[in-house]
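# Observations on chain architecture
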Amino acid sequence: LAKTTQPISMDSYEGQEVNITCSHNNIATNDYITWYQQFPSQGPRFIIQGYKTKVTNEVASLFIPADRKSSTLSLPRVSLSDTAVYYCLVGEEGGSYIPTFGRGTSLIVHP
Amino acid sequence: GAVVSQHPSWVICKSGTSVKIECRSLDFQATTMFWYRQFPKQSLMLMATSNEGSKATYEQGVEKDKFLINHASLTLSTLTVTSAHPEDSSFYICSARDRGGGGEKLFFGSGTQLSVL
């Protein structure tokens, strides 16, 4: 099971781009990288998932270098409502995958 | 995306009583669901993996007789906190695994805040 490391907290301002990097040095060949967002007193919400290179959806972009030992979640032009905890998970599809959460990154967006 | 419904959203109970929390996958079949608990300002801690039609697999340190999990159908898993005590007060979250289209994706319920008096 690939362990992940993220910054504990980040601060930003409205309108800025925020990049949160996750390290996963022992990622396995079949592992995907998935990011979740959690607001206080709510369950996490799926944001984006990728395997390699770059993935973009209506919410965020995910950049994965060739060695896949890290990934970067990019949130364009953040707003106050993006204040949340962001978690990076690594794992493969299959019955043996047990999704374990690390500490996550607490992002605070200031006016 | 897939929808997971969890209730109740919050519950207050007296010490010694049992509380049942339901988790339903509304638009997909979930053969596997996960139960987490979360304390304030902390990450999600996996309690157990719930498999449809079989016994749940509990993480180390989680009392299976205290936290009863039943996954009797492809769309419903329940967590019963038996003989609850104040130290069981926490935020409980379920999630269901939705496969296909690549990697594993988890969809979460909205959580249940349990307060034991």
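Residues numbered from 1 in each chain as written. Chains lettered and ligands numbered in written order. Predicted model: local features only at pLDDT ≥ 70, side-chain atom pairs only at ≥ 80, totals over all residues. Heavy atoms only, no water.

What follows is about the interface of chain B and chain A. When the parts of a complex come together, some accessible area is lost, and that lost area is often used as the size of the interface. Counting residues at the interface gives 23 residues for chain B and 21 residues for chain A. Regarding the contact of chain B and chain A, the summed buried area is about 1,700 Å², with carbon and sulfur atoms giving 56% of it. For the pair chain B and chain A, the interface holds five residue pairs in polar contact (both at pLDDT 80 or more). When contributions to the side of chain B that touches chain A are tallied by element, the ones reaching two or more residues are β4 (32-38), β5 (45-51), β9 (90-98) and β10 (105-108) of chain B. Sorting elements by how many residues they give to the side of chain B that touches chain A places β10 of chain B first, with four residues. Among the residues forming the side of chain B that touches chain A, the class breakdown is nine nonpolar, nine polar and five charged. (Contact = heavy atoms within 4.5 Å. Buried area = accessible area lost by both parts, 1.4 Å probe. Polar contact = N/O pair within 3.5 Å; in protein donor to acceptor, adjacent residues only side chain to side chain. Helix = DSSP H or I, 4+ residues; strand = E, 2+ residues; numbered from the N terminus. Nonpolar A, V, L, I, M, F, W, Y, C, P; charged D, E, K, R; others polar.)

On the surface, Trp10, Ile12 and Leu117 of chain B cluster together into a nonpolar patch covering about 400 Å² of accessible area. Along the chain, leucine 117 of chain B turns up in the segment after β11 (112-116). (Patch = residues over 30% accessible without salt bridge, like charges linked within 9 Å, V, L, I, M, F, W, Y side chains within 5 Å. Areas by Shrake-Rupley, 256 points an atom, 1.4 Å probe, with all protein chains shown as cover. Salt bridge = Lys/Arg side-chain N within 4 Å of Asp/Glu carboxyl O.)

Here the focus is the sheet that holds strand β7 (residues 70-75) of chain A. Residues and elements named next belong to chain A. Taken together, four strands build an open sheet; the order of strands is β2-β7-β6-β5 and the sheet is antiparallel. Strands with a single pairing partner mark the edges of an open sheet, and in this sheet they are β2 (18-23) and β5 (53-56). Here the strands of the sheet are splayed against their neighbours by 15 degrees on average, with no regard to which way each runs. Of the strand pairs in this sheet, strand β6 (residues 61-64) and β7 are connected by three bridges, and their pairing is antiparallel. Along β7, the bridge assignment pairs serine 61 with serine 74. (Pairing = 2+ DSSP bridges. Axes fitted to C-alpha atoms, helices over the stretch in contact; angles between N-to-C directions.)

Moving on to the packing of aromatic side chains. Each pair of aromatic rings is reported with the distance of its centres and the angle of its planes. Tallied over the full model, the rule gives eleven aromatic pairs over all chains. On the numbers, 5.6 Å between centres and 85 degrees between planes, the contact of tyrosine 36 of chain A with phenylalanine 108 of chain B is edge-to-face. With one member in each of two chains, tyrosine 36 of chain A in strand β3 (residues 32-38) and phenylalanine 108 of chain B in strand β10 form a pair that bridges those chains. Under the relative-accessibility criterion, phenylalanine 108 of chain B is labelled buried at 9%. Ring geometry for phenylalanine 67 of chain B against tyrosine 92 of chain B: centres 6.3 Å apart, planes inclined by 40 degrees, an arrangement best described as tilted. Of this pair, phenylalanine 67 of chain B sits in strand β7 (residues 67-73) while tyrosine 92 of chain B is found in strand β9, placing the two residues 25 residues apart along the sequence. Both residues of the pair, phenylalanine 67 of chain B and tyrosine 92 of chain B, belong to the buried class. Each member of the aromatic cluster is reached from another via a ring pair, and the members are Tyr36, Phe46, Tyr87 and Phe101 of chain A together with Phe28, Tyr36, Phe107 and Phe108 of chain B. Lying across the ring of tyrosine 51 of chain A, arginine 68 of chain A places its NZ or CZ 4.0 Å from the centre. (Phe/Tyr/Trp six-rings, centres within 6.5 Å; stacked < 30°, edge-to-face > 60°. Buried < 20%, exposed > 50% of the residue type's maximum accessible area, 1.4 Å probe, protein only. Lys NZ or Arg CZ within 6 Å of the ring centre and 35° of its normal.)

Now for the environment of leucine 68 of chain B. Residue and element names in this part refer to chain B. Within the element layout of this structure, leucine 68 appears in strand β7. With relative accessibility at 40%, the residue leucine 68 sits in the partly exposed group. Leaving out residues up to four positions away in the same chain, leucine 68 has contacts with Tyr58, Thr78, Leu79, Thr80 and Thr82.

What follows is about the confidence of the model for chain B. Looking at chain B as a whole, its pLDDT mean stands at 92, while 95% of the residues score no less than 70. Taking the mean pLDDT of every element in chain B, the minimum, 90, falls on β10 of chain B and the maximum, 97, on β11 of chain B. (pLDDT = per-residue confidence, 0-100.)

With that settled, consider the layout of surface pockets. Here the largest pocket is characterised by a volume of approximately 680 Å³. Surrounding the largest pocket, 26 residues form its lining, Val85 of chain A together with Gln38, Pro40, Lys41 and Gln42 of chain B being those nearest its centre. Counting only elements with at least two residues in the lining of the largest pocket, the list comes to β8 (84-91) and β9 (105-110) of chain A together with β9 of chain B. In terms of residues, the lining of the largest pocket owes the most to one element, β9 of chain A, which gives four residues. For the lining of the largest pocket, the class distribution of residues is eleven nonpolar, 13 polar and two charged. (1 Å grid on protein atoms, 1.4 Å probe; cavity = no way out; pocket = protein on both sides within 12 Å on 5 of 7 lines; lining within 4 Å. Points joined across faces, edges and corners; volume = space filled by probe spheres on them.)

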